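Architecture at a glance
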Amino acid sequence: MGSEDLVCASCSGLVIEGRCPTCRASREYLRRSSPLSPQLLFTIIAIIMVLAALAARHAS
Ligand SMILES: [Zn+2]
């Protein structure tokens, strides 16, 4: 990703450290715009596990 290395234009600090409101806003935006968030990954894995369980039940 490389979002950890982003430098803030307002305070010249790392955005991930959230030193100023701009940092925190950018950090929130990056977190929200991430295409595969941990929650989404967990949901996908849970759905796959349910489908696999159903398939195994039908196979036996
Ligand atoms: Zn900043």
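Structure's up top.
Scoring rules and cut-offs
Residues numbered from 1 in each chain as written. Predicted model: local features only at pLDDT ≥ 70, side-chain atom pairs only at ≥ 80, totals over all residues. Heavy atoms only, no water. Donors = N, O, S within 2.8 Å, 3.2 Å for Na, K, Ca; no water. Tetrahedral: all angles 85-135°; square planar, octahedral: opposite > 155°, others 65-115°. Helix = DSSP H or I, 4+ residues; strand = E, 2+ residues; numbered from the N terminus. Buried < 20%, exposed > 50% of the residue type's maximum accessible area, 1.4 Å probe, protein only. Contact = heavy atoms within 4.5 Å. Patch = residues over 30% accessible without salt bridge, like charges linked within 9 Å, V, L, I, M, F, W, Y side chains within 5 Å. Areas by Shrake-Rupley, 256 points an atom, 1.4 Å probe, with all protein chains shown as cover. Salt bridge = Lys/Arg side-chain N within 4 Å of Asp/Glu carboxyl O.

1. What to know about the coordination of the zinc ion
Taken together, the protein donors to the zinc ion comprise C8 (SG), C11 (SG), C20 (SG) and C23 (SG), at separations of 2.2 to 2.3 Å. What the four donor atoms of the zinc ion show is an angle range of 99 to 117° at the metal, which sorts the shape as tetrahedral. Each donor residue of the zinc ion lies on one chain, and together they are spaced C-x2-C-x8-C-x2-C. Separated by 15 residues along the polypeptide, C8 in the segment before α1 (21-33) and C23 in helix α1 bring together distant segments of the chain.

2. A closer look at the environment of V7
By secondary structure assignment, the location of V7 is in the segment before α1. Owing to a relative accessible area of 54%, V7 belongs among the exposed residues under this scheme. Expressed as a C-alpha distance, the spacing of V7 and C23, which sit 16 residues apart in the sequence, is 8.6 Å. Excluding residues that lie within four positions of it along the chain, V7 makes contacts with S12, G13, L14 and V15.

3. A short note on a nonpolar patch on the surface
Taken together, I47, V50, L51 and L54 make up a surface patch of nonpolar side chains, about 370 Å² in accessible area. Mapped onto the fold, L51 is located in helix α2 (residues 38-59). For L51, a relative accessible area of 53% corresponds to the exposed category.

4. What about the pattern of salt bridges?
Considering all chains together, one arrives at one salt bridge under this definition. A salt bridge links R19 to E17, with the shortest nitrogen-to-oxygen separation between them at 2.7 Å. According to the relative accessible area criterion, R19 is exposed, its value standing at 55%.

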